[in-house]
Amino acid sequence: MTALEGQKTEFSFSEVKKISVECRVAVEHSANEIQRKMWEEYAQSFDIGSIQRHKQSQKYWVQDKGPRVEANIGFIETYRDPAGVPADWEGFAEMVNEERARTYAELVGRAEDFIAWLP
């Protein structure tokens, strides 16, 4: 049993509106048209509470191949946090470590060689 089991967490729509404003700022700093469309869809989905707009943002997110900075926000998936509390909302931003990405690409490119070494 977790400390929060049976308790409810309030989710304020006014907080979502603040996120929408920041999504519009992100539109102006997007690296490409796909990212611009993605951030516009995020903003619209948070403005009007549209799950369809959020689904569209996710389609753009998947199309944005190899971004140097990647981000996603919203009701993405259901999971449990480390304390065992269920959650639906998440957001992240990450930057690509180009040296490590090259190393991983080489590893993936040589996967067939490594498979041959397996028992």
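The structure this text deals with has already been given above.
Notes on the structure follow. Quantities reported herein were computed from a predicted structural model and do not represent experimental measurements.

**Description of the pairing of strand β2 (residues 86-95)**
Pairing between strand β1 (residues 69-80) and β2: 9 bridges, direction antiparallel. Residue pairing for β2: glutamate 70 is matched across the bridge by glutamate 94. Between the antiparallel neighbours β1 and β2 lie 5 residues, among them glycine 84 with a positive phi of about 85 degrees.

**Comments concerning the environment of valine 62**
Counting through the fold element by element, valine 62 comes out in helix α3 (residues 51-63). Between the C-alpha atom of valine 62 and that of isoleucine 34, which follows or precedes it by 28 residues, the distance is 9.6 Å.

**A word on the nonpolar core**
By size, the foremost hydrophobic cluster in this structure holds 12 residues: Val16, Cys23, Ala26, Val27, Met38, Trp39, Tyr42, Ala43, Phe46, Tyr60, Ala71 and Ile73. Only α1 (13-28), α2 (33-48) and β1 provide two or more residues apiece to this core. The element that contributes the greatest number of residues to this core is α2, accounting for 5 residues. Here valine 27 is in contact with Arg36, Trp39 and Glu40, once residues within four sequence places are set aside.

Definitions and cut-offs
- Residues numbered from 1 in each chain as written.
- Predicted model: local features only at pLDDT ≥ 70, side-chain atom pairs only at ≥ 80, totals over all residues.
- Heavy atoms only, no water.
- Pairing = 2+ DSSP bridges.
- Helix = DSSP H or I, 4+ residues; strand = E, 2+ residues; numbered from the N terminus.
- Core = buried A, V, L, I, M, F, W, Y, C linked by side-chain atoms within 4.5 Å.
- Buried < 20%, exposed > 50% of the residue type's maximum accessible area, 1.4 Å probe, protein only.
- Contact = heavy atoms within 4.5 Å.

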